[in-house]
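Each chain is listed here by its residues.
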Amino acid sequence: MCRHLGWLGTPRSLAELMLEPAHGLLVQSYAPRRQRHGLMNADGWGAGFFDGAVPRRWRSAAPLWGDASFASVAPALSSHCVVAAVRSATVGMPVEPSATAPFTDGRWLLSHNGVVDRGVLPTCAGAESVCDSAVLAATIFARGMAALGATVIEVGVADPAARLNILAGDGSRLLATTWGDTLSMLHGNDGVVLASEPYDDDPRWVDIPDRHLVEVTAGSVTVTPLEGTS
Ligand code: GLN
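Position numbers for residues count from 1 along each chain, tracking the sequence in the order it is written. Totals for whole chains, interfaces and linings use all residues, but because this is a predicted model, local features are given only for residues with pLDDT of at least 70 and pairs of side-chain atoms are given and counted only at 80 or more. Just so you know, side-chain values use all the structure's heavy atoms and leave hydrogens and water out.

1. Considerations on the overall build of the chain
Alright, step 1. Within the chain one finds five helices and 13 strands.
Alright, step 2. Note that the radius of gyration is over C-alpha atoms, with the globule rule given as 2.2 Å times the number of residues to the power 0.38. At 16 Å, the chain has a C-alpha radius of gyration in line with the 17 Å of a compact globule built from 230 residues.
Alright, step 3. Over its C-alpha atoms, taken along the principal directions, the chain stretches across nearly 40 × 35 × 35 Å.
Alright, step 4. By residue count, 53% of the 230 residues in the chain fall in the buried class.
Alright, step 5. Accessible area of the chain: about 9,200 Å², with a carbon and sulfur share of 54%.
Alright, step 6. Charged-residue counts in this description rest on Lys and Arg as positive and Asp and Glu as negative, His and the chain ends being excluded. The atoms used to mark charge sites are NZ of Lys, CZ of Arg, CG of Asp and CD of Glu. Each charge sign in the chain was given a centre, from 16 positive and 23 negative side chains, and these centres are 2 Å apart. Counting from the N terminus, the helices are DSSP H or I runs at least four residues long and the strands are E runs at least two residues long. The classification of residues rests on relative accessible area computed with a 1.4 Å probe and restricted to protein chains. Under 20% of the type maximum is buried, over 50% is exposed, and intermediate values are partly exposed. For accessible areas, the Shrake-Rupley method is used with a probe of radius 1.4 Å. Any residue's cover is judged against the shown protein chains and nothing else.

Take a look at the structure:
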């Protein structure tokens with residue numbers, strides 16, 4: 001189970017979001033506090049961010065803690081909308097940059113915490129990798145982000161053992177689901193963070209209940225149960 005993080009707000013650097021917090025993605029790569037599946041996230045990392053309306057990505061199949069180049073450049077990369085992750089590969093999945101979140105359809109950046117039986121997913125020609133998360137991302141993109149909740153419910157019914165925490169951003173919105181793993185939210189003065197686990201001990205972090213859909217825009221946050229499953 002990987003760990004992911006999303007930001008929507010005033011521009012913040014990737015270093016501020018990923019590397020500097022006391023329990024941010026950098027520390028979560030070797031010492032996550034709330035991870036239920038897997039001990040560490042050493043199988044790669046991805047930083048996705050919007051440059052205006054353009055999604056850009058930097059992904060690696062190596063541990064985040066060893067990447068001195070990223071640590072050097074991250075303070076200079078700032079964005080109003082970020083989707084980043086550290087990865088603990090599911091057994092049998094390839095360890096390669098293209099299997100590492102965030103995935104993209106050119107408009108959205110999307111990360112998946114969890115596991116899914118690829119046998120219940122349609123064959124998606126657009127998948128970036130054979131990794132379950134990449135195939136799931138292609139399925140979600142093909143169905144359309146407006147159907148994210150419905151797609152998660154459908155896949156969750158088809159594979160009852162699946163864990164389907166999704167986090168996605170398009171530059172003006174963040175969408176997230178909880179389905180089998182943790183997600184927390186920090187609603188600050190200058191924006192909203194969604195993260196698999198709190199990156200510090202700020203008392204304003206709130207836990208999102210399981211089987212919910214979160215939508216964050218510049219002016220609002222909505223948290224709704226995934227229909228028929230709560
Ligand atoms: N199943 C995905 C992978 O192998 C995600 C794993 C995870 O959430 N740890 O990359």
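Additional details are given in the paragraphs that follow.
2. Digging into the sheet that holds strand E8 (residues 174-178)
Alright, step 1. Here we have six strands laid out as an open sheet, ordered E5-E6-E7-E8-E12-E13, and antiparallel in their pairing. At either margin of the open sheet sits one strand with a lone partner, and together these are strand E5 (103-104) and strand E13 (221-225).
Alright, step 2. Pairing between strands is defined by DSSP: at least two bridges between them are needed. Here strand E12 (residues 212-216) runs beside E13; their pairing, made up of five bridges, is antiparallel. In the sheet register, Val216 faces E13, and the bridge partner there is Val221.
Alright, step 3. Whether two residues touch is decided by their heavy atoms; if any such pair falls within 4.5 Å, the residues are in contact. Geometry is summarised by axes, namely lines fitted to C-alpha atoms with helices restricted to the contacting stretch, and by angles between N-to-C directions that run from 0 to 180 degrees. Packed on one face of the sheet, helix H4 (residues 132-143) meets E5, strand E6 (109-115) and strand E7 (163-169) and runs near 130 degrees to E6.

3. Overview of the environment of Gly66
Alright, step 1. Note on placement: Gly66 falls in the loop between strand E3 (54-60) and helix H3 (68-73).
Alright, step 2. Owing to a relative accessible area of 59%, Gly66 belongs among the exposed residues under this scheme.
Alright, step 3. Along the primary structure Gly66 and Gly191 are separated by 125 residues, whereas in three dimensions their C-alpha atoms are 29 Å apart.

4. What to know about unusual backbone geometry
Alright, step 1. With omega at 5 degrees, the peptide bond leading from Ala101 into Pro102 counts as cis.
Alright, step 2. Structurally, Pro102 is set in the loop between strand E4 (78-86) and E5.
Alright, step 3. With a phi angle near 60 degrees, Arg211 is a residue other than glycine that sits in the positive phi range.
Alright, step 4. Examined against the element boundaries, Arg211 turns out to sit in the loop between strand E11 (206-207) and E12.
Alright, step 5. Taking relative accessible area as the criterion, Arg211 reaches 28% and is therefore assigned partly exposed.

5. Focus on the nonpolar core
Alright, step 1. Within this scheme, the nonpolar core is defined by two criteria: the residues are buried Ala, Val, Leu, Ile, Met, Phe, Trp, Tyr or Cys, and they are joined through side-chain atoms within 4.5 Å. Formed by 28 residues in total, the largest nonpolar core has its most connected members in Leu110, Leu136, Met145 and Leu164.
Alright, step 2. For this core, the secondary-structure elements that each account for two or more residues are H4, helix H5 (148-158) and E7.
Alright, step 3. In terms of residues, this core owes the most to one element, H4, which gives six residues.
Alright, step 4. Beyond its immediate sequence surroundings of up to four residues, Leu136 is in contact with His112, Val116, Leu121, Val155, Leu164 and Ile166.

Remember that the coordinates give geometry; whether it matters functionally is a separate question.
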